[in-house]
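Structural overview for review
As a plain string of letters, each chain reads:
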Amino acid sequence: MKVRFQTDKKVRVCLCSKIALYQIFALAKRINDQEAPTVLETPSRISSALRLSMVFPLGALLLLAGCPKTPVAGGPPPTKDEILPLRQKIEGLRLEAEELHQKQAESIWLHLLEGEPMDVSSLHDEHPDLFSTDSLRAISRLRLGTTDPDEQFSLELLESHFLAEHLGRITKELNDRQSAIEANATMEVEGHMVPYRDAGRLLAHENDWYRRRAIHQSTLPMVEALSPILRKKHELISSTVSELGYESLLKTLERERRVDVANLSRLAREVLDGTEEIYLSALSHVAEEELGIKPDRLGWADIPRLFRGGHLDRHFDADGAMTTLRETLEGMGLTSDAGGRILVAKNEDPRKAMGPVCLPVDVPNDIRLLVAVAEGLNGYGALFREMGHAKRLAGITERGFEQRYLGDSAVANAFALLFEGLPANPLWLSDRIASANEDEPDSDDESIDEDIDRAARLHMLERVFLARRHAANVLFQLAMASEDLDGHASPRSLYAAMMEEAYGFSVGPYDSARWAFDQNDLLLAADHLRAHILAAQLEEHLTAEHGDRWWKTPAAGAWMRELWTPGARLEGEDLAKETGASSLKPDSLTARMACLLDATAPKE
């Protein structure tokens, strides 16, 4: 098998750092790159999680490149006479940023729904001075000069967003090169040229162990082509952090992401240690159940096929997806349109079947959900996930730009994961299938029960697999940022050791060569790790307060609506405390994993 590269230039898309705005640019890049995957793309829920590594290759704070000679941060605070003019200038920046966002969102919507031409970057170029160093300097100075904690919080969010946007422009040449390679690569599979973006799908549907490895190994030219670009980005980042006037990478991470690096490292280690025993046991069983192989034969090439599932897909056809979603929301006292704030439209063009998409046009009054063909359990999960994003965005009542559009993405993703997990909950599945089979009294209840347990078990293992991967990625990124290889000869060997611990199987040379890809997504891995933990804490709280079928209780929906109202003001630690926990802890994730895997274990 061979991989062939073309270098057609794709439409440039500037990267964005936070939630609603981030979704716009992530979606635009997915469209422009024809849904090109990362070298780690897998199907199902893993695909949606890891695809973010493609659309946000550096992470907001790691886009520190091409700095101006005069630092934008760390300057003198404004005088008393300068405060009011600065506030007026920054208010204008907020309005302009929101206007740009709305135009780009509308452009994407019309492209997806009606096939209108889309050029997000041209709209961005209509505001050449918006994300300039002058804008950054103004935000930074007012942040240093204000004593109002609410204003300071908003300015920190705004500065982080403008910094990512500004530096996204500066790194656009490298990003364009990466996008062109990812989007246009083709592979030769058994004499046929297929798009590289189909690698994940091919692996997911390949039952032969040897052929999966042949497909996977054929991606190595992609890795070799992209790795120098990624390393160049990182070198550029490392050499210019101080020139921007910001602190060291670790200190900048702590301030801008509002996390403590020591706590983040501890959290990642606790996830790996706390889930190890039960994860390895479940992985061993599922590998034999799904693939018919022993764990010592597992590799990354098997992951797409391992988590493909499909055991209950016959019960989840496309025609029933929206009806099932509406009924589930109504059980929580929620509606699919959120009082007219969420517009749901169906994607009728099979050429743009990207899956369901939540598009925040004007938060919270105009949230759009584009529904593609959603069939099978994974399709239902994706639809529920995007509705989780939509409901939260439509529930925000704060008026400020930062509070409506920015904030802790771990919180947003936690609610999305909570909703996504419903179609894999064994009780939800039992109720849904029983209701659908009321007219089929002769159905094989025992076989269905086994399939329900199998599907729920697979979903739970996948969740923990992802959490462990993100935990190892966080530790790897922190080690690289602090230049501590812990006795390893190279970043590649350190990466291999950390990922082997996380995965529970050997990381071969084709996998360890991808270390440069994970070196560039520190913030993404940290956000996803925290989101998985928060989602487990949310589910544990809802179950304790409202019972095992909490999604049938309007009080559960009312509790979530209350949490959505403050927007960005609710951060990860705040959400954890709302669930009754003292902080973000992996105990709930470990406990729910153990409980579900034990309940669904095959009967002797």
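Structural data are supplied above this passage.
It should be emphasised that the depicted structure is a prediction, and the values quoted were computed from it without experimental measurement.

**Re the side chain of D302**
- Summarising the element assignment, D302 is placed in the loop between helix 12 (261–291) and helix 13 (303–306).
- Within the structure, D302 has its side chain in polar contact with the side chain of R213 (distance 2.4 Å).
- Excluding residues within four positions of it along the chain, D302 makes contact with W209, R212, R213, L291, I293 and R297.

**As for the side chain of S135**
- When you line up the elements, S135 lands in helix 5 (residues 133–145).
- When near neighbours in sequence (up to four residues on either side) are disregarded, S135 contacts L93, D129, L130 and F162.

**Focus: the layout of surface pockets**
- Here the second largest pocket is characterised by a volume of approximately 550 Å³.
- In this structure, the second largest pocket is lined by 26 residues; those nearest its centre are N425, P426, E539, R592 and L596.
- Sorting the residues of the lining of the second largest pocket by element identifies helix 17 (409–420), helix 18 (426–436), helix 19 (445–481), helix 23 (522–546) and helix 26 (587–599) as the ones contributing at least two each.
- In terms of residue class, the lining of the second largest pocket is made up of 15 nonpolar, six polar and five charged.

**What about a negative patch on the surface?**
- A surface patch of negative charge is lined by D313, D317, D319 and E375.
- Its place among the elements puts D313 in the loop between helix 13 and helix 14 (321–331).
- Take D313: its relative accessible area is 35%, and that puts it in the partly exposed class.

**Topic: the packing of helix 12 against helix 20 (residues 491–503)**
- In contact at an axis separation of 8 Å, helix 12 and helix 20 are set at 55° when each is read in the N-to-C sense. As judged from the angle between their axes, helix 12 and helix 20 are oblique. Contact with helix 12, carried on its side by R269, L272, D273, Y279 and L283, involves E501, A502 and Y503 of helix 20 and no other residues of that element.
- Classifying every residue of the contact of helix 12 with helix 20 by side-chain character gives five nonpolar, no polar and three charged.

**Focus on the nonpolar core**
- Ranked by internal contacts, the top residues of the largest apolar core, which has 149 residues, are F162, M332, W550, M560 and L575.
- With 18 residues, helix 19 is the largest single contributor of residues to this core.
- Setting aside residues up to four positions removed in sequence, M332 forms contacts with F419, L422, W550, W551, T553, P554, G557, A558 and M560.
- Counting residues in each nonpolar core, the second largest holds 11 residues, with A105, M118, V361 and L370 among its members.

**Notes on the pattern of salt bridges**
- For the structure on display, the rule yields 33 salt bridges.
- With a shortest N-O distance of 3.2 Å, E99 and K103 are connected by a salt bridge. Separated by four residues within a single helix, E99 and K103 lie in helix 3 (residues 80–114), roughly one turn from each other.
- You can call E99 partly exposed: its relative accessible area is 38%.
- Judged by its relative accessible area of 34%, K103 falls in the partly exposed class.
- Taking the shortest distance from any N to any O, the salt bridge between R385 and E386 comes out at 3.0 Å.
- Classification of R385 by relative accessible area gives buried; the value is 13%.
- Beyond isolated ion pairs, a larger network of salt bridges with shared partners links R385, E386, E420 and R463.

The rules we used
- Residues numbered from 1 in each chain as written.
- Predicted model: local features only at pLDDT ≥ 70, side-chain atom pairs only at ≥ 80, totals over all residues.
- Heavy atoms only, no water.
- Helix = DSSP H or I, 4+ residues; strand = E, 2+ residues; numbered from the N terminus.
- Polar contact = N/O pair within 3.5 Å; in protein donor to acceptor, adjacent residues only side chain to side chain.
- Contact = heavy atoms within 4.5 Å.
- 1 Å grid on protein atoms, 1.4 Å probe; cavity = no way out; pocket = protein on both sides within 12 Å on 5 of 7 lines; lining within 4 Å.
- Points joined across faces, edges and corners; volume = space filled by probe spheres on them.
- Nonpolar A, V, L, I, M, F, W, Y, C, P; charged D, E, K, R; others polar.
- Patch = residues over 30% accessible without salt bridge, like charges linked within 9 Å, V, L, I, M, F, W, Y side chains within 5 Å.
- Areas by Shrake-Rupley, 256 points an atom, 1.4 Å probe, with all protein chains shown as cover.
- Salt bridge = Lys/Arg side-chain N within 4 Å of Asp/Glu carboxyl O.
- Lys, Arg positive; Asp, Glu negative; His and termini not counted.
- Charge placed at Lys NZ, Arg CZ, Asp CG, Glu CD.
- Buried < 20%, exposed > 50% of the residue type's maximum accessible area, 1.4 Å probe, protein only.
- Axes fitted to C-alpha atoms, helices over the stretch in contact; angles between N-to-C directions.
- Parallel < 35°, antiparallel > 145°, perpendicular 65-115°, else oblique.
- Core = buried A, V, L, I, M, F, W, Y, C linked by side-chain atoms within 4.5 Å.

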